[in-house]
Amino acid sequence: MNASRPPHGNFINYLLALVAIFSLNFILPRMMPGDPLHAIYGDEALVAMTPQMEAYLTEKFALNQPWSSQFTAYASGLLQGDLGYSYYYKDQVSTVIMGALPWTLLLAGLALIIATILGTALGIESGYRRGRPLDRGLIASLMFLSGFPDFFVGILLLLIFGVCLGVAPLSGATTPYSGATGLAYALDVAHHLILPLSALVLVQLGGIYLLTRNTMVSVLKERFIMTARAKGCSDSRIRYEHAGRNSLLPVVTATGMRLPQIITGALFIEIVFSYPGVGSLLSSSLDARDYPLIQGILLLVTVAVLTANLGVDLLYRRLDPRVRYAH
Amino acid sequence: MLEIKDLVVSFNRSPVLNGIDLSISPGDSLAIIGESGAGKSTLGLSIIGLVEGEVKGRIQLGQRDLLTLSEDEMRSLRGKEIGMVFQNVEDALNPLQEISDQVTEAMTVHGFKADASNRSLRLLEAVGLDRETADKFPHQMSGGEKQRALIAMALANDPQVLILDEPTASLDALTKSDILDLLRSAVAGKMALVITHDIATAAKLCNKIAVLYAGKVVETGRTEDLLSSPRHPYTRGLIRSYPNMTTTKDLQGIPGRMAHGVAGCPFHRRCTQKIEICTQQEPKLLPQKGRMIACHRGGIVPLLELDGVNISFEARRVLSDVSLTLYEGETLAVVGESGSGKTTLARAVIGLYQPDSGGITLEEKAVTKRDLDFYKTVQMIYQNPKESLSHRMNVFSLVKEPLDVQRLGSAEEKALRVKRALGEVELPADDDFLGRYPHQLSGGEAQRVAIARAMVLEPKLLIADEPTSALDASVQAKILRLLMDLQEKRGLSILFITHDLALARKVSDRLAVLHRGKIVEEGPTSAVISYPRHEYTRVLLEHASNLGDDRNSGWSDENVLQIDRRDAILSA
Ligand code: SF4
């Protein structure tokens, strides 16, 4: 009963969630009043649509056929990565999204990694020095920062460093038409990344730090810390090996729960900095009422949150034997 | 040699340990017992240097004073020269590390890297954890297994000083006895300090005991001595209130609660034999007959002493050469058949008969005359309450009469004391009841009225001559319980005269067997019951009710508790 076993139950939950999302994506437009094509593509698209095109689409989605065939058509489309056609970008929705996705992954992923590492490190040190100047200072400043909405911090950074000081580019992910390659290209990307990344990190840092610090404070009161001290463990061993590792667990859980927030935060920041990621794409698709694209992005975001949650779950299992060997 | 000198530990300026002097030699195992909050754990933690409060005094280990060492020097001693076994509480082990790794760490942090993990497996095996368990995480282990792991960890570097903090708490009985066996071999040859509130654990593991009360040591001594005849009032109370399946006397607690920072003797608010100096001056821990006791009165004082008392009626010896001692707050049962002279003994004490020779001493003064003062100190209750209560007086007058005789207080004060006395014996004090006459009372009520009448003067000694033999069993049990409660609250000493050994065993601390006017056997109740030496005692035991087959089982009848707690503890 103590043997390590794969978490079947959980995988099934994730699978169910995925099926539910895809089904909703299928059902909702078809439940809207009026013509489903209308609902899927929106008014403006229909105006621009030729009868031939309309016939093609009706055929493609099997809209004139029973629901079962419609669903088969939808599912087989999905399986081939077909999310529909963006009439605004005049390209497959999947292709359009794929163009923007790497930038978002770069921005949000890096922000998450940096904020987590920095937040836990500061939290551990601060919690270990509870009540001393470093602890008080960190609490005050990080609480202050995390009180602002993310886009506000973004705008502030943009104004200070971009507009006033002029040390960072105002928008975009690369300098257009620079033709830079190799190291120069990488530096250019980093230069553009620095402000939106800082904004995201600053906003997320507070929560992670505070959680780590408070967990650290309570873990330090637990009896096994005393056991470790009585063994003769050094201060740093107590701090990192015993208290620190135990303080990480709630941070991992919390990160899983904050993922949607982190992703929406990233999308807002992209819009502020006109960063060519999924956030900016969503913004312009909203402006253009490019429904297939909007739907595609939302689908992608949900799947991303789900996948990331699965990742967090697996990570937690690695970190905490109590879950790994749950009876 | 570990020597603790005048150790004071305070948290926010209020001392938790207040001037502790103790020493432990190699091969010695010292138990620290006391209620929770007495400062036991603080003592353990201050030796290993992990106490958070302010520490003063000296803790000398060999040539070093541990309190002057730097944190780094102290760290290198911890787990290497001083090992500590903690109580197996829920979070005593790191939940994220395998057990063998946690034991290994105890060695690697002191630089013993080579072969550490193999040694850790061997250590775990030595404490009874196999290879498979060694790879487990704490949450996969039972309480006993975790306790074993904690022990292995403390032994990892073979420390010369071993501190065990409640090592058997939160374990079930079977596991506890296994762990005790293991610990016994672990402490052998070391200087061991065992912090426990469990007297059985102390008895099994330690050759010496120190009793801690409100941050002070009140008594120390060899385990057997201290448990079989506690000398400090607090030690006695602690042992009396220790629940044990094999107790003879019913459990009694100690009145009141422990408080720190009390002026004078820390125990004086709960002590039933305190004198004036106790509230003003702190008693020092002084050697006395092979022990150390901190008490202005040198420990529990004898209240009543009979020394070679002889009484004859018309050339017939009724009592010959009777010597007995009754201590403050204790019950001495005198057991004998009718005609053994036990009633004569009671009457001699109360003054109805005059001894031909021999002396009676009360509160260290020879009793020469029975004046009012004497009856303020000594009262008696009889077998048949209805005969001893005048049937012409109602309850109120009956209970008030002793106050009238003593001329104590005004009418209102008397009425108040009467009501209080009735309350103490759990009788109503309303006008209806106060107006009743003895023939309107049940046997149990009448005996309670008789007790109230005796207690209204707040005597120190109550002589009870077969007080319950005229009552049916359930009423009898209640009356006995009442007497024991009064003893606990007031420190009342009881001379309990009975023919019933089973009953005597339930209520008494000491027991004397009277046969044809002679004391043939006398000692702690437990010892007399479990190991009777005199033939006559054995005969009595055989005929005693409820003492048959279940004598040694200890389980059968909650009210009839078996064998003495101290013996049981010692032989545990
Ligand atoms: S007699 Fe006095 S000194 Fe002794 S225990 Fe009682 S209060 Fe303390």
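Numbering of residues begins from 1 in every chain and follows the order in which that chain's sequence is written. The order in which chains are written sets their letters, starting at A; the order in which ligands are written sets their numbers, starting at 1. Local features in this predicted model are restricted to residues of pLDDT 70 or higher, and side-chain atom pairs are both shown and tallied only at a pLDDT of 80 or more, whereas totals for entire chains, interfaces and linings draw on every residue. Note that the side-chain values use all heavy atoms of the structure and ignore hydrogens as well as water.

> Any chance you could break down the domain arrangement of chain A for me, citing the residues and the numbers?
On domain assignment, one finds that chain A holds domain 1 (12-82) and domain 2 (102-326). Each of domain 1 of chain A and domain 2 of chain A was reduced to a C-alpha centroid, and the two centroids are 36 Å apart. Residue ranges assigned to each domain were obtained from an automatic or database domain assignment.

> Tell me about the interface of chain B and chain A, and name the residues and values.
Should any heavy atoms of two residues lie within 4.5 Å, those residues are counted as being in contact. Across the contact, 28 residues belong to chain B and 25 residues belong to chain A. In the sections that follow, a salt bridge refers to a side-chain nitrogen of Lys or Arg positioned within 4 Å of a carboxyl oxygen of Asp or Glu. Taken together, the links from chain B to chain A amount to two salt bridges. With a closest N to O distance of 2.8 Å, lysine 231 of chain A and glutamate 105 of chain B form a salt bridge. For the purposes of these results, a polar contact is taken to be a pair of N or O atoms within 3.5 Å, where, inside protein, one atom must be able to donate a hydrogen and its partner to accept one; residues adjacent in sequence count only when each atom of the pair is a side-chain atom. Counting the contacts that link chain B with chain A gives 14 residue pairs in polar contact (both at pLDDT 80 or more). For the side of chain B that touches chain A, the secondary structure elements donating two or more residues are α1 (40-48), β6 (82-85), α3 (99-108) and α6 (143-155) of chain B. Only DSSP runs of H or I reaching four residues or more are called helices, and only runs of E reaching two or more are called strands; each is numbered from the N terminus. Among the elements that make up the side of chain B that touches chain A, the one with the highest residue count is α3 of chain B (three residues). Of the residues that constitute the side of chain B that touches chain A, the class distribution is 16 nonpolar, seven polar and five charged. Gly is put with the polar residues, along with every residue not named as nonpolar or charged; the nonpolar set is Ala, Val, Leu, Ile, Met, Phe, Trp, Tyr, Cys and Pro, and the charged set is Asp, Glu, Lys and Arg.

> Now, about the layout of surface pockets: what can you tell me, with residues and values included?
Estimated volume of the largest pocket: approximately 650 Å³. Forming the boundary of the largest pocket are 24 residues, of which Leu220, Ile225, Met226 and Arg229 of chain A together with Glu52 of chain B lie nearest the centre. Among the elements that make up the lining of the largest pocket, the one with the highest residue count is helix α9 (residues 223-231) of chain A (four residues). Of the residues contributing to the lining of the largest pocket, the split by class is nine nonpolar, three polar and twelve charged. Using protein atoms alone on a 1 Å grid, points that fit a 1.4 Å probe yet trap it form a cavity, whereas open point sets bounded by protein on both sides within 12 Å along at least five of seven lines form a pocket; residues with an atom within 4 Å of a point count as lining. Grid points are joined across faces, edges and corners, and a volume is the space filled by probe spheres set on the points. In this structure, the second largest pocket occupies an estimated 540 Å³ of space. Gly109, Leu112, Leu259, Ile263 and Ala308 of chain A are the residues nearest the centre of the second largest pocket, which is lined by 25 residues in total.

> Explain the site of the ligand residue by residue, including any values.
All names here are of chain B. As a matter of local geometry, the ligand sits amid His232, Pro233, Cys265, His268, Cys271, Gln273, Lys274, Cys278, Pro283, Cys295, His296 and Arg297. Think of it this way: a molecule belongs to a cavity or pocket when more than half its atoms come within 2 Å of the grid points there. Comparing atom positions with the cavity grids shows the ligand to sit within the second largest cavity. Looking at the shell around the ligand residue by residue, the class counts come to six nonpolar, four polar and two charged. By convention in these notes, a residue is near a molecule or strand provided one of its non-hydrogen atoms lies within 4 Å of it.

> Lay out the pattern of salt bridges with the relevant residues and their values.
In the structure shown here, the tally under the stated rule is 37 salt bridges over all chains. Between lysine 400 of chain B and aspartate 404 of chain B there is a salt bridge; the shortest N-O distance is 3.3 Å. You can see lysine 400 of chain B and its partner aspartate 404 of chain B sitting in helix α14 (residues 395-406), four residues apart, about one turn around the helix. One salt-bridge network, in which partners are shared between bridges, spans Glu125, Arg129 and Arg239 of chain A.

> Help me get a handle on the nonpolar core, residues and values and all.
Residues and elements named next belong to chain B. Residues Ile20, Leu22, Ile32, Leu66 and Ile163 are the most contacted members of the largest nonpolar core, which totals 93 residues. If one sorts the elements of this core by residue count, α6 sits on top with seven residues. Look past the residues within four positions of isoleucine 20 in its chain and what remains in contact with it is Ile4, Lys5, Asp6, Leu7, Leu43, Leu212, Gly215, Lys216 and Val217. Here, nonpolar core means buried Ala, Val, Leu, Ile, Met, Phe, Trp, Tyr and Cys residues that are tied together by side-chain atoms lying within 4.5 Å of each other. Burial classes: relative accessible area under 20% of the type maximum marks a residue as buried, over 50% as exposed, and values in between as partly exposed (1.4 Å probe, protein chains only).

> How would you explain the packing of helix α8 (residues 182-219) of chain A against helix α10 (residues 235-272) of chain A if you had to name every residue and give the values?
All names here are of chain A. Under this scheme, a helix contributes an axis fitted over its contacting stretch, all axes are lines through C-alpha atoms, and angles between N-to-C directions fall in the 0 to 180 degree range. Remark: α8 packs on α10, axes separated minimally by 8 Å, with the N-to-C direction vectors making an angle of 150°. Along this stretch, α8 crosses α10, giving a crossing that reads as right-handed. Classifying every residue of the contact of α8 with α10 gives 14 nonpolar, eight polar and two charged. It is the rotation of the near helix from the far one that decides the hand of a crossing: anticlockwise by less than a right angle makes it left-handed, clockwise makes it right-handed.

> Can you lay out the sheet that holds strand β19 (residues 461-465) of chain B for me, pointing to particular residues and giving the numbers?
All names here are of chain B. Strands are treated as partners if at least two bridges between them are detected by DSSP. Spatial strand order, β18-β19-β20-β15-β21-β22: six strands in an open sheet with mixed pairing. With partners counted over all chains shown, the strands left at the sheet margins are β18 (378-381) and β22 (518-524), one partner each. Across the sheet, the mean angle separating the axes of adjacent strands is 15° when strand polarity is ignored. The pairing of β18 with β19 spans four bridges and is classified as parallel. Looking at β19, one finds that isoleucine 381 is bridged to alanine 464.

> Break down the pairing of strand β16 (residues 357-362) of chain B for me, with residues and values.
Residue and element names in this part refer to chain B. Direction of pairing for strand β13 (residues 302-313) relative to β16: antiparallel, over a ladder of five bridges. Looking at β16, one finds that leucine 306 is bridged to isoleucine 360. Relative to strand β17 (residues 365-366), β16 runs antiparallel, the two being bridged by two bridges. The residue of β17 that forms the bridge with threonine 361 is alanine 366. The antiparallel hairpin formed by β16 and β17 contains two residues in its connecting segment, where glutamate 363 sits at a positive phi of about 50°.

> Requested: an account of the sheet that holds β6 of chain B, with residues and values cited.
Residue and element names in this part refer to chain B. Taken together, the eight strands give an open sheet; going across it, the order is β6-β7-β8-β3-β9-β10-β12-β11, and neighbouring strands pair in mixed fashion. For this open sheet the edge positions go to β6 and β11 (285-288), each flanked by a neighbour on one side alone. Strand after strand, the sheet turns through a mean of 20° between neighbouring axes, direction not considered. As paired elements, strand β7 (residues 161-165) and strand β8 (residues 191-195) share five bridges and run parallel to each other. Residue pairing in the sheet places leucine 164 in a bridge with valine 194 of β8. Packing of α6 onto the sheet brings it into contact with β6 and β7, and relative to β6 it is tilted by some 175°.

> So what's going on with the side chain of aspartate 28 of chain B? Residues and values would help.
Residue and element names in this part refer to chain B. Take aspartate 28: it is sitting in the loop between β2 (14-24) and β3 (29-33). Look at aspartate 28 and you get buried, because its relative accessible area is 11%. Excluding anything up to four places from it in sequence, aspartate 28 contacts Lys190, Met191, Ala192, Asn207 and Lys208.

> Report on the confidence of the model for chain A, specifying residues and quantitative values.
All names here are of chain A. Per-residue confidence from the predictor is reported as pLDDT, a score between 0 and 100. Of all residues in chain A, 89% have pLDDT values of 70 or greater, and the mean over the chain is 82. Of all helices and strands in chain A, the one with the weakest mean pLDDT is helix α2 (residues 36-47) (64), whereas α9 scores best (93). For the stretch residues 1-8, pLDDT sits under 50, and the model shows ten contacts to residues farther than four places along the chain or on other chains.

> Just give me the short version of helix α21 (residues 535-543) of chain B, but keep the residues and values in it.
Residues and elements named next belong to chain B. Residues of α21 that are buried include every one of Tyr536, Thr537, Leu540 and Leu541, and no others. Angular distribution of buried residues about the axis of α21 spans 140°; they occupy a single face of the element. Set apart from the buried face of α21 by more than 90 degrees, the exposed residues are Glu542 and His543. Packed against the buried residues of α21 are β15 (331-335), α19 (501-507), β21 (510-515), β22 and α20 (525-530). This arc is built from the directions going out from the helix axis to the C-beta atoms.

> Before we move on, can you summarise the side chain of arginine 213 of chain A with the specific residues and values?
Residues and elements named next belong to chain A. With respect to the helices and strands, arginine 213 occurs in helix α8. Its relative accessible area of 10% is what places arginine 213 among the buried residues. Among residues more than four places away in sequence, those in contact with arginine 213 are Gly123, Ser126, Gly127, Arg130, Asp135 and Ile139.

> Residue-level account of the packing of α6 of chain B against helix α7 (residues 173-187) of chain B, with values.
Residues and elements named next belong to chain B. At a minimum axis distance of 10 Å, the contact between α6 and α7 shows a crossing angle of 10°. Between α6 and α7, the angle is such that the two are roughly parallel. Counted together, Gly144, Gln147, Arg148, Ile151 and Leu155 of α6 and Thr175, Asp178, Ile179, Leu182, Leu183 and Ala186 of α7 form the full contact between these two elements. Considered class by class, the residues forming the contact of α6 with α7 number six nonpolar, three polar and two charged. When describing relative orientation, an angle under 35 degrees is termed roughly parallel and one over 145 degrees roughly antiparallel, while 65 to 115 degrees is termed roughly perpendicular and anything else oblique.

> I'd like to hear about the pairing of β7 of chain B, residue by residue, with values.
Residues and elements named next belong to chain B. Of all five residues making up β7, five are buried, and the element is well covered by its neighbours. The side-chain alternation of β7 yields two buried faces, one formed by Val161, Ile163 and Asp165 and the other by Leu162 and Leu164. Note that β6 and β7 share four bridges and pair parallel. Across the sheet, residue isoleucine 82 finds its bridge partner in β7, namely valine 161. When the strands point away from the viewer and the path from the first strand over the helix to the second turns clockwise, the crossover is right-handed. Read as a crossover between parallel neighbours, the route from β7 over α7 to β8 is right-handed.

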